[in-house]
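# Overview (structure and organization)
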Number of protein chains: 2
Amino acid sequence: MLTTLPLERVYQFIEPGPVVLLTTQAGGAKPNVMTMSWHMMVDFEPPLVACVVGAGNHSFAALRKTRQCVIAIPPSTMAKTVTGIGNCTGRDTDKFASFNLTPLPAGHVVAPLIGECVVNLECLVRDAHLVNRYNMFILECVQAWQNPELDDARTIHHQGYGRFAVDGKIIEIKSKMR
Amino acid sequence: MLTTLPLERVYQFIEPGPVVLLTTQAGGAKPNVMTMSWHMMVDFEPPLVACVVGAGNHSFAALRKTRQCVIAIPPSTMAKTVTGIGNCTGRDTDKFASFNLTPLPAGHVVAPLIGECVVNLECLVRDAHLVNRYNMFILECVQAWQNPELDDARTIHHQGYGRFAVDGKIIEIKSKMR
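Residues numbered from 1 in each chain as written. Chains lettered and ligands numbered in written order. Predicted model: local features only at pLDDT ≥ 70, side-chain atom pairs only at ≥ 80, totals over all residues. Heavy atoms only, no water.

### Here's the deal with the pattern of salt bridges
Put simply, the rule reads: Any carboxyl oxygen of Asp or Glu within 4 Å of a side-chain nitrogen of Lys or Arg constitutes a salt bridge here. Numbering of helices and strands runs from the N terminus; a helix is a DSSP stretch of H or I covering at least four residues, while a strand is a stretch of E covering at least two. For every residue, the accessible area obtained with a 1.4 Å probe (protein chains only) is divided by the maximum for its type, and the residue is called buried under 20%, exposed over 50%, and partly exposed between those limits.
Enumeration over the complete set of coordinates arrives at 10 salt bridges over all chains. A salt bridge links A:Glu45 to A:Arg178, with the nearest nitrogen and oxygen atoms 3.2 Å apart. Taken as a pair, A:Glu45 in the loop between β4 (39-43) and β5 (48-52) and A:Arg178 in the segment after β12 (163-172) lie far apart in primary sequence, 133 residues in all. Residue classification places A:Arg178 among the partly exposed positions, given a relative accessible area of 27%. Among the ionic pairs, A:Arg133 bridges to B:Asp127, the shortest N-O distance being 3.1 Å. Of this pair, A:Arg133 sits in helix α5 (residues 131-134) while B:Asp127 sits in strand β9 (residues 119-127), which puts the two residues in different chains.

### Description of the confidence of the model for chain A
Spelled out, the test is: Think of pLDDT as the predictor's per-residue confidence, scored from 0 to 100.
Looking at chain A, pLDDT values average 97 and 100% of them are 70 or higher. Overall fold confidence (pTM) sits at 0.98, and the ipTM for the predicted complex is 0.97.

### As for the interface of chain B and chain A
Quick note on the threshold: Contact definition: two residues touch when any of their heavy atoms are within 4.5 Å. By convention, the term buried area covers the 1.4 Å-probe accessible surface removed from two parts as they join, with the contributions of both added. Under this definition, polar contacts are N or O atom pairs within 3.5 Å; protein pairs additionally need one hydrogen-donor-capable and one acceptor-capable atom, and for neighbouring residues in sequence, both atoms have to be side-chain atoms. Note on residue categories: nonpolar means Ala, Val, Leu, Ile, Met, Phe, Trp, Tyr, Cys or Pro, charged means Asp, Glu, Lys or Arg, and polar means any other residue, Gly included. What makes two strands pair is DSSP finding at least two bridges between them.
Opposite the 53 residues of chain B that make contact, chain A presents 53 residues. The junction of chain B with chain A conceals about 5,100 Å² of combined surface from both sides, 61% of it contributed by carbon and sulfur atoms. Counting across the interface, chain B meets chain A through 4 salt bridges. Taken together, the links from chain B to chain A amount to 26 residue pairs in polar contact (both at pLDDT 80 or more). Only α1 (11-14), β4 (39-43), β5 (48-52), α3 (79-86), α5 (131-134), β10 (136-146), β11 (156-158) and β12 (163-172) of chain B provide two or more residues apiece to the side of chain B that touches chain A. Per-element accounting of the side of chain B that touches chain A gives the leading share, 10 residues, to β12(B). A per-class count over the side of chain B that touches chain A returns 24 nonpolar, 17 polar and 12 charged. Relative to β12(B), β12(A) is paired through 7 bridges, and the arrangement is antiparallel. The residue of β12(B) that forms the bridge with A:Asp167 is B:Asp167.

Set out below in structure tokens:
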């Protein structure tokens, strides 16, 4: 169902700044998922991604403990689900079940991929020394997946308080920039 | 011409992941400007923004030396200019002149604001200890400006190689998320 996304193309999906979902799985617990918008590329290859996860989030503890996660990029059609996921906690909610998400097994991490997402990035925590000061994790993407059925999907960008801009018109300008 | 943007609203412009312009001014040199897409919010208040600036960029040296910059968010109508700025270097080009940008004096930093941009953020380098390892600067936004004539402007998101998604439809969903 999902196909491999070459690692050198990962930045093309993170650099535009879409809202993403972060999945984790700690010990025998059910997998969990949170909504995240504070992330950026740090390097092309291997793809390094920095993210800030609020220390109060249930996912924070799992990410710190397991040092693994999946970053999944939802299509705009999932905006309501994305908001719902951001408005409840994995402490008392099985979010995969509540939001009808399809967990798929990953290759390198225990946390699941999300079948409904455009792209899934299997990530390992490469550097945790910024966690105490900034709640910041440096992740290395070790495997990436694309959903061929969502090739033309638009992503969403959070402007605060549940307001999202959906990708609109595409502009292509000749450029030397990667 | 520009009006104050309350600092607690800064994240609403960075969190969506727009392409930004970074201005610097080192010593007696002319001000310089680069195109940047690797940045994220780190904290709401004071607004902390992390960014990764390639060590080969002319702006990298100025930012490291002066510990000051302006992050300016261009409207989609500037896409060609944004690409042009990213395709030349301040080493041999006066980019403000070449691209007809209007430099405006900032209040707290020597680097200029850009009159044509939607939002301008005056920033001080708050933490440079990640520069050697990741080319990453942690910036604190100390003053923010909005261009009231560009209230409805759309921003652009870089997908690689000069391909940009322009903000399209706006979705608003009731949410507890800030």
